[in-house]
Amino acid sequence: MRPVAIVGSEVPQSLTETPGDPVRGRALVADRTKGLCLLCHAGPFPEERFQGNIGPDLAGIGGRLSAAALRLRLVDGRALNPDTIMPSYYTLQATTRVGAAWRGRPVLEAQEIEDIVAFLGTLRDTRTEGSAL
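Residues numbered from 1 in each chain as written. Predicted model: local features only at pLDDT ≥ 70, side-chain atom pairs only at ≥ 80, totals over all residues. Heavy atoms only, no water.

A. Here's a closer look at the pattern of salt bridges. Taken as a whole and assessed by the stated rule, the structure comprises 8 salt bridges. A salt bridge links Arg2 to Glu17; its shortest N-O distance comes to 2.7 Å. Taken as a pair, Arg2 in the segment before helix H1 (22-30) and Glu17 in the segment before H1 lie far apart in primary sequence, 15 residues in all. Using a relative accessible area of 65% as the deciding quantity, one classes Glu17 as exposed. One salt bridge in this structure joins Arg24 and Asp115, with 2.8 Å as the shortest N-O distance. Here Arg24, found in helix H1, pairs with Asp115, found in helix H4 (residues 110-122); they are 91 residues apart in sequence, far enough to count as distant. We classify Asp115 as buried; its relative accessible area is 3%. (Salt bridge = Lys/Arg side-chain N within 4 Å of Asp/Glu carboxyl O. Helix = DSSP H or I, 4+ residues; strand = E, 2+ residues; numbered from the N terminus. Buried < 20%, exposed > 50% of the residue type's maximum accessible area, 1.4 Å probe, protein only.)

In structure tokens, the structure reads:
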């Protein structure tokens with residue numbers, strides 16, 4: 001794992017040298033076996049049934065939060081809210097509520113985080129989201 005520097009309420013540095021791919025990021029967000037985002041979040045995924053309503057709607061999220069702010073929420077949202085129920089996808093610190101398959105490794109790889117950040121960054125206008133992907 002790469003070291004992560006939190007600055008204020010952001011992780012300003014990319015976790016990889018390779019830019020995130022929004023197409024791969026969208027696939028990861030919609031994948032119900034990997035990040036499981038849609039268990040808690042809804043978003044511009046008309047093909048996906050049974051989207052969550054526990055977390056914020058992802059529609060327009062790229063217009064509300066910077067890539068660096070999105071990255072922190074994915075890496076370890078506990079830095080913003082210690083009581084969050086959102087999983088920390090790229091940390092090994094205090095991972096007591098993690099399934100056995102993920103113990104000792106991050107839930108998502110660094111490139112997967114960057115791909116999701118790139119995708120979420122495209123979600124800016126709730127009227128036209130997803131049309132470019």
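B. Structural detail: unusual backbone geometry. With a phi angle near 60°, Leu36 is a residue other than glycine that sits in the positive phi range. Of note, Leu36 is situated in the loop between H1 and helix H2 (61-64). Phi angles above zero are rare outside glycine, and Phe50 is one such case at about 60°. By the element assignment, Phe50 lies in the loop between H1 and H2. Accessibility expressed as a relative area gives 65% for Phe50, which makes it exposed.

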